[in-house]
Amino acid sequence: MELENSTAVKEFILLGLTQSQNIQLLVFVLILIFYLIILPGNFLIIFTIRSDPGLTAPLYFFLGNLAFLDASYSFIVAPRMLVDFLSEKKVISYRGCITQLFFLHFLGGGEGLLLVVMAFDRYIAICRPLHYSTVMNPRACYVLLLALWLGGFVHSIIQVALILHLPFCGPNRLDNFFCDVPQVIKLACTDTFMVELLMVFNSGLLTLLCFLGLLSSYAVILCRVHGSASQGKSKALSTCTTHIIIILLMFGPAIFIYTRPFRALPADKVVSFFHTVIFPLMNPVIYTLRNQEVKSSMKRLLSRHVVC
């Protein structure tokens, strides 16, 4: 079925983050500076992990994928947002809106599952160290990676399928700076109660369960680390603390957005802004700043290129 056959609306008008020109200019400059500084850092993390033979452990394999997912995620909303700040009329086509929504949930769902995999990796490394090399072998890592990409795809395709079955006959003013389920679904000219419940179940409940499961698993890990007297205790604590920070940064806003009925709140746009633009770029950087091996490898890599 063609997309045009399911809706009379051909485009959506984005109302943007704010109507104040001064605030728009300030946010534009801040995002541009932040984007140009942090995004190359994410690619540097990926290049460092791939080029250093000493960073072949599953922990770094998944960190590289986290940096890739976050860098990809940041391209979904931020570039268009910067362009819209300079445009009089902020318009996105129906197809463009559905495409943006798909990749938003595809990469976001994949990242959420990646954090679950990283928690599993730390659990095996700390609580079952003798079995670590057997359980987390290269084949298992690639299978887990494939599974999380597939999981993100299934999660996203369900969101898109539910949206495509809704008729849109007007209005077409989207009270946000990008296309996402809570705002788009409210523009459908039909009763969306059951669809909203399905959306909350697919996004909200899944997010909440993953969040609670991750916190529980890290609580078990931290208790195990705290009770041990091993030499790597401080390193394990640092790694787990960093993972928890990233989990809070990702799942906190997602729970706020997706686990309640789709009613607009004043804080929605601000939370969405940090969730889609700021935090994805920050996650790998936060992790790297607390990981001595990756920092040392990056310094060696940069020093070699400076000498050359």
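Residues numbered from 1 in each chain as written. Predicted model: local features only at pLDDT ≥ 70, side-chain atom pairs only at ≥ 80, totals over all residues. Heavy atoms only, no water.

A few points about the UniProt feature "transmembrane region" (unreviewed entry) in the protein chain
- Here, UniProt's "transmembrane region" (unreviewed entry) annotation points to residues 23-47, 59-78, 98-120, 141-168, 204-225, 237-258 and 270-289.
- This span, residues 23-47, is 100% helix and 0% strand, and a straight line between its end C-alpha atoms measures 36 Å.
- Across residues 204-225 one finds 100% helix and 0% strand; the C-alpha atoms that close the span lie 31 Å apart. (UniProt positions renumbered as here; feature names shortened; annotations may be inferred. Helix = DSSP H or I, 4+ residues; strand = E, 2+ residues; numbered from the N terminus.)

Topic: the packing of helix 3 (residues 94-127) against helix 8 (residues 233-258)
- As a packed pair, helix 3 and helix 8 sit with axes 11 Å apart at the nearest point and diverge in direction by 150°. As far as their axial angle goes, helix 8 and helix 3 are roughly antiparallel. Between helix 3 and helix 8 lies a crossing of left-handed hand. Where helix 3 approaches helix 8, its residues Leu104, His105, Gly108, Glu111, Gly112, Leu115, Met118, Arg122 and Ile126 are matched on the opposing element by Ala236, Thr239, Cys240, His243, Ile246, Ile247, Met250, Phe251 and Tyr258.
- Its residues placed into classes, the contact of helix 3 with helix 8 shows 11 nonpolar, 5 polar and 2 charged. (Axes fitted to C-alpha atoms, helices over the stretch in contact; angles between N-to-C directions. Parallel < 35°, antiparallel > 145°, perpendicular 65-115°, else oblique. Left-handed = near helix turned anticlockwise from the far one by under 90°. Contact = heavy atoms within 4.5 Å. Nonpolar A, V, L, I, M, F, W, Y, C, P; charged D, E, K, R; others polar.)

Side note on the state of the cysteines
- Per the counting criterion, the structure on display carries 2 disulfides.
- The disulfide that involves Cys97 links it to Cys179, with 2.1 Å between the sulfurs. Measuring the twist about the S-S bond at about -120°, one finds the Cys97-Cys179 disulfide to be left-handed. Within this pair, whereas Cys97 is found in helix 3, its partner Cys179 is found in the loop between strand 3 (173-174) and helix 6 (181-185), the two being separated by 82 residues in sequence.
- Among the residues examined, Cys179 registers a relative accessible area of 0% and is labelled buried.
- Sulfur-sulfur distance for the disulfide between Cys169 and Cys189 comes to 2.1 Å. One end of the pair, Cys169, is in the loop between helix 5 (138-164) and strand 3; the other, Cys189, is in the loop between helix 6 and helix 7 (193-226), and 20 residues separate them in sequence.
- Here Cys141 stays free of any disulfide, with the sulfur of Cys240 as its closest cysteine sulfur at 17 Å. (Disulfide = S-S within 2.5 Å. Buried < 20%, exposed > 50% of the residue type's maximum accessible area, 1.4 Å probe, protein only.)

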